[in-house]
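Listed here are the chains, written in short residue letters.
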Amino acid sequence: MKHRIMVVDDEVGALTLIAIMLERGGFEVIKASNAYDALNQLQDITPHMFILDVMMPGMDGIELCRRIRADSKTRELPILILSARGDPESVEQGMNAGADDYLQKPILHHDLITKVREMLNLDTGGGQD
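Rules used throughout
Residues numbered from 1 in each chain as written. Predicted model: local features only at pLDDT ≥ 70, side-chain atom pairs only at ≥ 80, totals over all residues. Heavy atoms only, no water. Helix = DSSP H or I, 4+ residues; strand = E, 2+ residues; numbered from the N terminus. Buried < 20%, exposed > 50% of the residue type's maximum accessible area, 1.4 Å probe, protein only. Core = buried A, V, L, I, M, F, W, Y, C linked by side-chain atoms within 4.5 Å. Contact = heavy atoms within 4.5 Å. Axes fitted to C-alpha atoms, helices over the stretch in contact; angles between N-to-C directions. Left-handed = near helix turned anticlockwise from the far one by under 90°. Nonpolar A, V, L, I, M, F, W, Y, C, P; charged D, E, K, R; others polar.

Q: Even after reading the chapter, I still don't get unusual backbone geometry, so can you show me in this structure?
A: Across the chain, the bulk of peptide bonds are trans and the bulk of non-glycine residues have phi less than zero. Here the amide bond leading from Lys105 into Pro106 is cis, since omega sits at -5 degrees, within 30 degrees of zero. Its place among the elements puts Pro106 in the loop between strand E5 (101-104) and helix H5 (109-119). The backbone of Asn121 shows a phi angle near 55 degrees, a positive value even though the residue is not glycine. Following the sequence through the fold, Asn121 ends up in the segment after H5. Taking the relative accessible area as the measure of exposure, Asn121 reaches 71% and is therefore exposed.

Q: Help me understand the nonpolar core, please; the structure alone is not making it clear to me.
A: As a rule of thumb, soluble globular proteins bury nonpolar side chains together. Of all hydrophobic cores here, the largest spans 22 residues; its most connected members are Val8, Phe50, Leu52 and Leu64. Mapped by element, the contributors of at least two residues to this core are strand E1 (4-8), strand E2 (28-32), helix H2 (35-41), strand E3 (49-52), helix H3 (61-70) and strand E4 (79-83). Of the residues forming this core, the biggest block, four residues, is contributed by H3. The residues touching Val8, leaving out its near neighbours within four places in the chain, are Ala32, Asn34, Ala35, Ala38, Ile51, Leu52, Asp53, Met56 and Leu64. In terms of nonpolar packing, the next biggest core, distinct from the first, is built from 19 residues, Leu15, Ile18, Leu82 and Ile113 among them.

Q: Mind showing me how you'd approach the packing of helix H1 (residues 12-24) against H5 here?
A: Packed helix pairs are characterised by how far apart their axes lie and by the angle those axes make with each other. Where H1 meets H5, the axes come as close as 10 Å, and the angle between the chain directions of the two elements is 65 degrees. As for the relative orientation of H1 and H5, their crossing is right-handed in sense. Across from Ile18, Met21, Leu22 and Arg24 in H1, the residues of H5 making contact are His109, Leu112, Ile113 and Val116. For the contact of H1 with H5, the per-class residue count stands at six nonpolar, one polar and one charged.

Remember that the coordinates give geometry; whether it matters functionally is a separate question.
Written out as structure tokens, the structure reads:
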């Protein structure tokens, strides 16, 4: 069974790149181009994990993170915030909103896959890169 990861990023290049990295890592990817798109898709699909961008038009990733945590269906799922903003205030904001971890973009393929596997409690030892 492939683990499904919802990636939410308004920047199409970043969304595509993260999706490719995850797919190469053996994951199924659900892409959402903004928070509203993500919430809409969550009515029909429940992923195993979320990767959220912070800076998005309309509703940002911090607010989306809060909404994911407020929903009983998604409350317990791991949330990774992946943002260009790596200042302490942004990280604190993300963690306070309920994120399990916060990484700064750009991210290397190996680092992303390792972090995702760790957050999903998958075996991270000696597998494929």
